[in-house]
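Summary of structural features
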Amino acid sequence: MSLKNKICLVTGASRGIGRGIALALGSEGATVYITGRTLEPTSKAPGSLSVTADEVTARGGLAIPVQCDHGVDEEVHRLFDKIVKDHGRIDLLVNNAFKGVSTIGKNIPIPFWEQPIESWDDCIHVGLRCHFVAAQRAAKIMVGQKDGLIVNISSAGALLSFFTAPYGVGKAGLDKMSEMCGKELKKHNVTCLSLWPGLVQTEAILAAKDTIQKATIAGQKVDVSKGETVEYAGRAIVGLMNDKNLQAKNGKTITTADLGDEYGFTDVDGRKHASMRCVKASVARKHPWFAVLIPSFIKVPWAWIVSFFHHYY
């Protein structure tokens, strides 16, 4: 168990990607503080902190559920005070809490000027601002111990245009936050980076599968069956925690699939996911006969992708 005695915090872990990350960390023996607003199961939404905690414990980790609304600064500060009192350190912060899922679903077809202001607040307040608050508290501890990792869960929505304008703004802001904070933390041996999962088979995505598969992203049809499981991002973070050259990734934005290639892990069902930069996978969508001739390790440089999709400079 590579993360035994490591103290981790995963925000927004009642369900979805946060839950999957907590499970992956628990499988490696970590002590994982998990937060969310749903402590016990309800009929309103699947998942709860208590259920995630039981699953983490069954994997061999130690889960400490803390009910916390990350939109309330005082609750976030109490959370970090508890971690310091209990353990005196924190090795990993995963900023994953996000309030905008329901709001996005309601507003995707609506022009931004017709959307309620909650469309902005739900994506930015608990999705960007709250991550800065948590990163501030974690950084103060990590700088003192000269070690630590902050992972901000972002998405390709920072670069591509999908979902809603506030969603894209929030993710782009989160990636810039990772860059700026990473630069300041580097001299203290603390790393901050953004992680882009691909399409993930969360409870919300699976529930809306029929609608989602009618959509396109960057001109490609969406196929939920090919999505990552919620634990794939967790395996990527386990890899980061064991990376001896982690500082080289400070301030960077990285995809889970690229880390899968680098660290050699697969998804829980044995699948390998292709990076959005993978030439072979891109060609295979339209010309599978030609794709068999292309080595899978050939990838488009990030700079090319950014220059192609990034149109506001």
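In this text, all values refer to a predicted model and were calculated from it rather than measured experimentally.

**With respect to the pairing of strand 4 (residues 92–95)**
Residues of strand 4 alternate between two faces, with L92 and V94 on one and L93 and N95 on the opposite face, all of them buried. As paired elements, strand 1 (residues 7–10) and strand 4 share three bridges and run parallel to each other. Of the residues in strand 4, the one forming a bridge with L9 is L93. Relative to strand 5 (residues 148–153), strand 4 runs parallel, the two being bridged by four bridges. Following the sheet pairing, L93 is matched in strand 5 by I150.

**Considering the nonpolar core**
Proteins that are soluble and globular tend to have nonpolar side chains buried together. Formed by 38 residues in total, the largest nonpolar core has its most connected members in I21, L25, L92, L149, V151, L195 and I237. Look past the residues within four positions of L195 in its chain and what remains in contact with it is V151, N152, I153, S154, A233, A236, I237, I254, T255, T256 and L259.

**Examining the environment of V222**
Note on placement: V222 falls in the loop between strand 8 (220–221) and helix 9 (232–241). Expressed as a C-alpha distance, the spacing of V222 and D81, which sit 141 residues apart in the sequence, is 43 Å.

**Description of the packing of aromatic side chains**
Inspection of every chain in the model, using the stated rule, returns four aromatic pairs. Centre to centre, the rings of F98 and Y167 are 6.1 Å apart; their planes meet at 75 degrees, and the pair counts as edge-to-face. Residue F98 is found in the loop between strand 4 and helix 4 (101–107), and its partner Y167 is found in helix 6 (residues 165–185); the two are separated by 69 residues along the sequence. A relative accessible area of 26% means that F98 is categorised as partly exposed. Here the aromatic residues F98, F163 and Y167 are joined through ring pairs into a cluster of three or more. Lying over the aromatic face of F98, K171 brings its terminal NZ or CZ to 4.9 Å of the ring centre.

**Quick notes on helix 10 (residues 256–263)**
When we look at burial in helix 10, the residues that qualify are T256, A257, D258, L259 and G260. Check the buried side of helix 10 and you find it contacts strand 6 (190–196), helix 9, strand 9 (253–255) and helix 13 (302–309). Two residues or fewer after helix 10 comes G264, characterised by a positive phi angle close to 80 degrees.

**Quick word on the sheet that holds strand 5**
Taken in spatial order, the seven strands line up as 3-2-1-4-5-6-9 in an open sheet, and their pairing is parallel. The sheet is open, and its two borders are formed by strand 3 (62–67) and strand 9, each paired with just one other strand. Taken over all neighbouring pairs, the strand axes of this sheet differ in orientation by 20 degrees on average, direction set aside. Against the sheet, helix 6 touches strand 5, strand 6 and strand 9, its axis set at about 160 degrees to strand 6.

**A closer look at the pattern of salt bridges**
Counted by the stated rule, this structure contains 16 salt bridges. Salt-bridge contacts for K99 lead to D122; the nearest nitrogen and oxygen are separated by 3.9 Å. With K99 in the loop between strand 4 and helix 4 and D122 in helix 5 (residues 118–145), the pair connects residues that are 23 residues apart, well separated along the chain. Accessibility expressed as a relative area gives 12% for D122, which makes it buried. One connected set of salt bridges, linked through shared partners, spans D258, D261, K272 and K299.

**Examining helix 5**
Its 28 residues give helix 5 an end-to-end C-alpha distance of 39 Å, which sits within 8% of 40 Å, the value for a rise of 1.5 Å per residue. The sharpest bend along helix 5 comes to roughly 40 degrees, located at H125. Following helix 5 by one or two positions, K146 has its phi on the positive side, about 60 degrees.

**Thoughts on the pairing of strand 3**
Where a strand is regular, its side chains alternate between the two sheet faces. Where strand 2 (residues 31–36) and strand 3 come together, six bridges link them in parallel fashion. Along strand 3, the bridge assignment pairs G36 with Q67. With respect to chirality, the unit in which strand 2 leads through helix 2 (residues 49–58) into the neighbouring parallel strand 3 is right-handed.

Quick notes on the rules
Residues numbered from 1 in each chain as written. Predicted model: local features only at pLDDT ≥ 70, side-chain atom pairs only at ≥ 80, totals over all residues. Heavy atoms only, no water. Buried < 20%, exposed > 50% of the residue type's maximum accessible area, 1.4 Å probe, protein only. Helix = DSSP H or I, 4+ residues; strand = E, 2+ residues; numbered from the N terminus. Pairing = 2+ DSSP bridges. Core = buried A, V, L, I, M, F, W, Y, C linked by side-chain atoms within 4.5 Å. Contact = heavy atoms within 4.5 Å. Phe/Tyr/Trp six-rings, centres within 6.5 Å; stacked < 30°, edge-to-face > 60°. Lys NZ or Arg CZ within 6 Å of the ring centre and 35° of its normal. Axes fitted to C-alpha atoms, helices over the stretch in contact; angles between N-to-C directions. Salt bridge = Lys/Arg side-chain N within 4 Å of Asp/Glu carboxyl O. Expected span 1.5 Å × (residues − 1). Bend = angle between axes of the 7 residues up to and from the residue. Right-handed = clockwise from strand over helix to strand, strands pointing away.

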